[in-house]
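Summary of structural features
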Amino acid sequence: MAKEVEIKFRVADVRTLNRALKRAGFKRTTASTHEMNTLYDLPGQKLRKRGELLRLRQYGKEWILTHKAKGTAGRHKVRVERETHVEDGKQMDEILRALGFEPMFRYEKYRAEWSDGKGHVVVDKTPIGNIGEIEGPARWIDRTARALGIASEDYITQTYAAMFFEWKRRTGSPAKEMTFRALRRKGN
């Protein structure tokens, strides 16, 4: 079982972060690519109540189904993650619905991926702002964050859904999902 260890952080300026990544020895492995994510749950939100997540992601032309177990959030977020590539995302959506899962939340972003061979840094342009993510061994995360000028007090261990609902409370937005279209509607 693969354990995901990560932190997120707010990105004030994407170009400045990209330059810092290059200086730190990172190479961009994926150009900014559109990504649409749908979270599924059973009636009564059984997965959410257990701290689990089931996600179907379309990243460019690829589809990936991911299950994340309940994690722990200290300095870093740590959780078991299982994922597999799916040939036909629309068919997978129909299978999940036939099994009683319902789409509960959608969020999108444009993601660029960077690596130094030991871990990954992603730069996400989201409807609620630019967010970076550092994923890899815990000590490597801390060294990488320092090299990029990110203080440990700026670490975020929330999911995108939690970040969105916190943003909604702060802004009073009526949006129901974290998509560019939903946030462009009048009143957002």
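Here goes a summary of the coordinates provided. A quick note: this is a predicted structure, and the numbers were derived from the prediction, not measured.

1. Section: the overall build of the protein
Along the backbone of the protein there are six helices and nine strands. The C-alpha radius of gyration computed for the protein amounts to 17 Å, which stays within 12% of the reference 16 Å derived for 188 residues, consistent with globular compactness. Counting over 188 residues, the protein shows a buried share of 47%. Carbon and sulfur atoms make up 50% of the accessible area of the protein, which amounts to about 10700 Å² in all. Each charge class in the protein can be summarised by its mean position, and for the 40 positive and 25 negative side chains these summaries are 4 Å apart.

2. Considering the pattern of salt bridges
Tallied over the entire structure, the rule returns 16 salt bridges. The shortest N-O distance in the salt bridge between Lys77 and Glu6 comes to 3.2 Å. Residue Lys77 is located in strand β6 (residues 77-86), and its partner Glu6 is located in strand β1 (residues 2-10); the two are separated by 71 residues in the primary sequence. Looking at Glu6, the relative accessible area reads 2%, which means it is buried. The shortest N-O distance in the salt bridge between Glu52 and Arg50 comes to 2.6 Å. Because the salt bridges share partners, they merge into one network encompassing Glu6, Lys8, Glu35, Arg57, Lys77, Lys109, Arg111, Asp124 and Glu133.

3. Here's the deal with a positive patch on the surface
A cluster of basic residues, Arg15, Arg19, Lys22, Arg23, Arg28 and Lys125, forms a positive patch on the protein surface. Broken down by element, the residue count for the positive patch peaks at four residues, all from helix α1 (residues 14-23). Structurally, Arg23 can be placed in helix α1. Under the relative-accessibility criterion, Arg23 is labelled exposed at 66%.

4. Some thoughts on the pairing of β6
As defined by bridge partners, β1 adjoins β6 across five bridges and the pair is classed as antiparallel. Counterpart to Val5 in the pairing with β6 is Val78. As paired elements, strand β5 (residues 72-73) and β6 share two bridges and run antiparallel to each other. Each bridged residue has a counterpart across the sheet, and for Ala73 the counterpart in β6 is Lys77. Once β5 ends, the chain turns through three residues before running back antiparallel as β6.

5. Thoughts on the environment of Gly136
Within the secondary structure, Gly136 is located in the loop between β9 (129-135) and α4 (138-147). Residues Gly136 and Val121, spaced 15 residues apart in sequence, show a C-alpha to C-alpha distance of 8.8 Å. If we ignore the near neighbours within four places in the chain, the residues touching Gly136 are Val5 and Ile141.

6. What about the environment of Leu47?
Inspection of the secondary structure assignment puts Leu47 in helix α2 (residues 46-49). You can call Leu47 buried: its relative accessible area is 6%. It is 25 Å that separates the C-alpha atoms of Leu47 and Ala182, two residues lying 135 residues apart in sequence. The residues contacting Leu47, other than those within four sequence positions of it, are Tyr40, Asp41, Glu52, Leu54 and Phe101.

7. A closer look at the pairing of strand β3 (residues 53-59)
The side chains of a regular strand alternate, first on one face of the sheet and then on the other. The buried fraction of β3 is high, at six of seven residues. Note that strand β2 (residues 27-41) and β3 share six bridges and pair antiparallel. Bridge pairing links Asn37 to Arg57 in β3. Hairpin remark: β3 followed by strand β4 (residues 62-68), antiparallel, with two residues in the connecting loop; positive phi at Gly60, about 65 degrees.

8. Looking at α1
Each α-helix winds once per 3.6 residues, and so residues spaced three or four apart point in a common direction. Regarding α1, the residues found buried are Val14, Leu17, Asn18, Ala20 and Leu21. Down the axis of α1, the buried side of the element spans an arc of 160 degrees, and every buried residue falls inside it. In α1, those exposed residues whose orientation departs by more than 90 degrees from the buried face are Arg15, Lys22 and Arg23. Packing partners of the buried residues in α1 comprise β1, β7 (102-115), β8 (120-126) and β9. Here α1 starts with a cap whose side-chain oxygen sits 3.0 Å from the backbone nitrogen of Arg15, and that cap is Asp13. At the exit of α1 stands Gly25, carrying a positive phi of roughly 95 degrees.

The rules behind each value
Residues numbered from 1 in each chain as written. Predicted model: local features only at pLDDT ≥ 70, side-chain atom pairs only at ≥ 80, totals over all residues. Heavy atoms only, no water. Helix = DSSP H or I, 4+ residues; strand = E, 2+ residues; numbered from the N terminus. Rg over C-alpha atoms; globule rule 2.2 N^0.38 Å. Buried < 20%, exposed > 50% of the residue type's maximum accessible area, 1.4 Å probe, protein only. Areas by Shrake-Rupley, 256 points an atom, 1.4 Å probe, with all protein chains shown as cover. Lys, Arg positive; Asp, Glu negative; His and termini not counted. Charge placed at Lys NZ, Arg CZ, Asp CG, Glu CD. Salt bridge = Lys/Arg side-chain N within 4 Å of Asp/Glu carboxyl O. Patch = residues over 30% accessible without salt bridge, like charges linked within 9 Å, V, L, I, M, F, W, Y side chains within 5 Å. Pairing = 2+ DSSP bridges. Contact = heavy atoms within 4.5 Å. Arc of directions from axis to C-beta. Polar contact = N/O pair within 3.5 Å; in protein donor to acceptor, adjacent residues only side chain to side chain.

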